[in-house]
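# Secondary and tertiary structure notes
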Amino acid sequence: MAPNRSFGEMPMPLFTPASDDVGPVIVPAPVKGPAKGTPSYLSDHRARLRERFMQGGATAMPDYELLELVLFRAIPRQDVKPLARRLIERFGDFNRVLSANPARLSEVEGVGPAVITELKIVEAAAQRLSRARIIQRPVLSSWQALLDYCHTTMAHRETEQFRVLYLDRKNVLIADEEQASGTVDHVPVYPREIIKRALELNASALILVHNHPSGDPTPSDSDITMTARIAQAGDTMGIVIHDHLIIGKSRELSFRAEGLL
């Protein structure tokens, strides 16, 4: 009797050799690419910076290190210290880096869309936090918060900006609007448009604010003349001009305090 036989498929080779091949088929080992992830020395550096920040806050860090913390998110696997130093060298300090024009930021080697976006997010967050301390609140009784907001928003701009703060009958801030922007030393201002907008908002008083990119808040002759024109236009409509603030880099000038209004 014939022995029992089982049927099954023979295992097929992974690669079928050509008919004239006589040797074994050699499959080359895969080529390894560069290892992914952040090098350990960078991870350690970032961890140390974050720990110092959490323990001591921003006051414990120079500007370039605080900027590094912001850049970590935009550039996750590279040493960002050289870029942070280039940005500080180009613009002067942390605040001026955040408020720099995106077109000028992009001129710095290593700055791309991700870096610009991250910087502008931090700038917007700082402005919104400062604004929250004054909006819908009596401005005259929280004057320092108002000054802090104006400095955060305008002190480090590279061009002049003219803003108008509209107040109701109780001097509560009901609107904060940019009326115009201009060049490094001039901004066009239209008193008629300012008063027209005040009437639309049913505002009873205004605070005028503009910045001097030079850093010196000393008013020019045109600043004084323009303020007088706005005050005269407001007076005819029963709208009070509480003050005109000129924001410099590290200090501000009040027309009211200087006897100019």
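This text follows the structure it describes.
Reading the values: rules and limits
- Residues numbered from 1 in each chain as written.
- Predicted model: local features only at pLDDT ≥ 70, side-chain atom pairs only at ≥ 80, totals over all residues.
- Heavy atoms only, no water.
- Pairing = 2+ DSSP bridges.
- Helix = DSSP H or I, 4+ residues; strand = E, 2+ residues; numbered from the N terminus.
- Axes fitted to C-alpha atoms, helices over the stretch in contact; angles between N-to-C directions.
- Contact = heavy atoms within 4.5 Å.
- Buried < 20%, exposed > 50% of the residue type's maximum accessible area, 1.4 Å probe, protein only.
- Parallel < 35°, antiparallel > 145°, perpendicular 65-115°, else oblique.
- Left-handed = near helix turned anticlockwise from the far one by under 90°.

## A short note on the sheet that holds strand β3 (residues 205-211)
- Pairing is mixed across the open sheet formed by five strands, whose spatial order is β2-β1-β3-β4-β5. Looking at the sheet topology across the chains shown, the edges are occupied by β2 (173-181) and β5 (252-254). Each strand of the sheet is rotated relative to its neighbour by a mean of 20 degrees, with strand direction disregarded.
- Relative to the sheet, helix α9 (residues 221-236) contacts β1 (161-167), β3 and β4 (240-247), its axis offset from that of β4 by approximately 160 degrees.

## Structural notes on the environment of Lys196
- Inspection of the secondary structure assignment puts Lys196 in helix α8 (residues 191-201).
- According to the relative accessible area criterion, Lys196 is partly exposed, its value standing at 46%.
- Spatially, the C-alpha atom of Lys196 lies 9.7 Å from that of Gly234, the residues being 38 residues apart in sequence.

## What to know about the packing of α8 against α9
- Contact geometry for α8 and α9: axes closest at 9 Å, N-to-C directions at 40 degrees. What the angle tells us is that α8 and α9 run oblique. For α8 against α9, the interelement crossing comes out right-handed. Touching Pro191, Ile194 and Ile195 of α8 are Arg229, Ile230, Ala233 and Gly234, all from α9.

## Quick notes on the pairing of β2
- Sheet topology places β1 next to β2; seven bridges connect them, and they run antiparallel. Following the sheet pairing, Leu167 is matched in β2 by Leu173.
- Hairpin connection from β1 to β2: five residues lie between these consecutive antiparallel strands, with Asn171 at a positive phi of about 60 degrees.

## Side note on the side chain of Ser130
- Note on placement: Ser130 falls in helix α6 (residues 113-132).
- The exposure class of Ser130 is buried, given its relative accessible area of 9%.
- Those residues in contact with Ser130 that lie beyond four places of it in its chain are Tyr149 and Thr152.

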